[in-house]
Amino acid sequence: MLKRPRAAVFVSGGGTNLQALLDKRGNVIKSGDIVLVISNKESAFALERAKRAGVEGVYVPFDRSDPRSFEAECEKLLAEKGIDVIVLAGFMLILSAEFVEKWDHRIINVHPALIPSFCGKGFYGLRVHRAALDYGVKVTGATVHYVNAVADGGEIILQKAVDVLEGDTPEILQRRVMEQAEWELLPRALELVFERIAAERAEKSEE
Ligand code: GAR
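Keep in mind the model is a prediction, meaning the values are calculated, not measured.

The rules behind these values
Along each chain, residue indices are assigned from 1 in the same order as the chain's sequence is written. It should be noted that, the model being predicted, local features are given only for residues of pLDDT at least 70 and side-chain atom pairs only at 80 or more, the latter also being counted only at that level, while totals for whole chains, interfaces and linings use all residues. Calculation of side-chain values draws on the structure's entire complement of heavy atoms; hydrogens and water are dropped beforehand. What makes a salt bridge here is a side-chain nitrogen of Lys or Arg within 4 Å of a carboxyl oxygen of Asp or Glu, nothing more. Each residue gets one of three labels from its accessible area relative to the maximum for its type: buried under 20%, exposed over 50%, partly exposed in between, using a 1.4 Å probe on protein chains only. Classification of ring pairs uses Phe, Tyr and Trp, with its six-membered ring standing for Trp, and accepts pairs whose centres are within 6.5 Å; under 30 degrees between planes counts as stacked, over 60 as edge-to-face, and the remaining range as tilted. What counts as a helix is a DSSP run of H or I of at least four residues, what counts as a strand is a run of E of at least two, and both are numbered from the N terminus. To qualify as a nonpolar core, a set must consist of buried Ala, Val, Leu, Ile, Met, Phe, Trp, Tyr and Cys residues joined through side-chain atoms within 4.5 Å. Contacts are residue-level and defined by heavy atoms, with any inter-residue pair within 4.5 Å sufficient. Fitted lines through C-alpha atoms give the axes, limited to the stretch in contact for helices. The angle between two N-to-C directions lies from 0 to 180 degrees. Each angle receives one of four descriptions, namely roughly parallel if under 35 degrees, roughly antiparallel if over 145, roughly perpendicular if within 65 to 115, and oblique otherwise. Here is the rule for handedness: rotate from the far helix to the near one, and if that takes an anticlockwise turn smaller than a right angle the crossing is left-handed, while a clockwise turn gives right-handed. Three categories are distinguished: nonpolar for Ala, Val, Leu, Ile, Met, Phe, Trp, Tyr, Cys and Pro, charged for Asp, Glu, Lys and Arg, and polar for the others, with Gly belonging to the last.

1. Describing the pattern of salt bridges
At step 1: Taken as a whole, this structure holds 13 salt bridges when the rule is applied.
At step 2: Asp 168 is paired through a salt bridge with Arg 176; the nearest N and O atoms lie 2.7 Å apart. Per residue, the accessibility class of Asp 168 equals that of Arg 176, and both read buried.
At step 3: Here the residues in one salt-bridge network are Lys 3, Asp 84 and Arg 201, joined through shared partners.

2. Quick look at the packing of aromatic side chains
At step 1: Throughout the structure, instances matching the rule amount to five aromatic pairs.
At step 2: Taking 6.1 Å as the distance between ring centres and 70° as the angle between the ring planes, the aromatic pair formed by Phe 118 and Tyr 135 counts as edge-to-face. Highlighted residues: Phe 118 in the loop between strand E5 (107-111) and helix H5 (126-135) and Tyr 135 in helix H5, separated in sequence by 17 residues.
At step 3: Its relative accessible area of 67% is what places Tyr 135 among the exposed residues.
At step 4: An aromatic cluster is defined as three or more aromatic residues linked by ring pairs; in this entry it consists of Phe 10, Phe 62, Phe 70 and Phe 91.

3. Brief notes about the nonpolar core
At step 1: Of all hydrophobic cores here, the largest spans 35 residues; its most connected members are Val 9, Val 87, Ile 108 and Leu 190.
At step 2: Other than its neighbours up to four places away in sequence, Val 9 contacts Leu 18, Leu 21, Ile 34, Leu 36, Val 37, Ile 38, Val 87 and Ala 89.
At step 3: Val 58, Phe 91, Leu 95 and Val 100 belong to the second-largest nonpolar core, a separate cluster that totals 22 residues.

4. Topic: the packing of helix H1 (residues 16-23) against helix H2 (residues 45-52)
At step 1: Two elements in contact, H1 and H2, have axes whose closest approach is 9 Å; the angle formed by their N-to-C orientations is 15°. Looking at the two axes, H1 sits roughly parallel to H2. As for how H1 packs across H2, the hand of that crossing is right-handed. Along its contact with H1, which presents Thr 16, Leu 18, Gln 19 and Leu 22, the element H2 presents Ala 46, Arg 49 and Ala 50.
At step 2: Grouping the constituent residues of the contact of H1 with H2 by class yields four nonpolar, two polar and one charged.

Shown next as structure tokens:
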């Protein structure tokens, strides 16, 4: 039996995208398992969601004066759990180029806009929606992409457009983008990556 692909989810906050992933295990997400959640915030509600779903959740502190120790600790946990894929789901730190290059095409991120709009350094969370409203776009959306050394610059996997409506506030728009795009795209994208890894593994085992 070939090992099923395994994912770790990195979070920093409420974890609604994590919840969407957990809820879609066994239906949308069929070809691999979510076995670890890592949070850089001790109080993140996402850790509670992991616990309720029976998935191990670990708080790994991030210290600005020693940014590499966060990644070193994560690497240790990822190796222990035999992780193949990292999902950034509302994870608010930027990983180093060195880390990201080691995990080439093995890290995916959900971004709450249609890349290449409203993305890159400084565009995260509500700031993205505030920028979209300030610009006056009539359509925004979400993107799931592979992570490379350029912030929000990796290959796009899935995108979905969402209408901006009269009277939207950043909070209202954020909720619509989550409901109509992020919570649907992220589980589908993870399944695509699991399928790709499982296929690569099967091909290797036949060599
Ligand atoms: C989501 O909208 C996610 O796309 C965004 O933060 C929110 C986290 O919500 N991520 C970024 O802006 C990363 N650049 P959640 O914790 O409820 O999933």
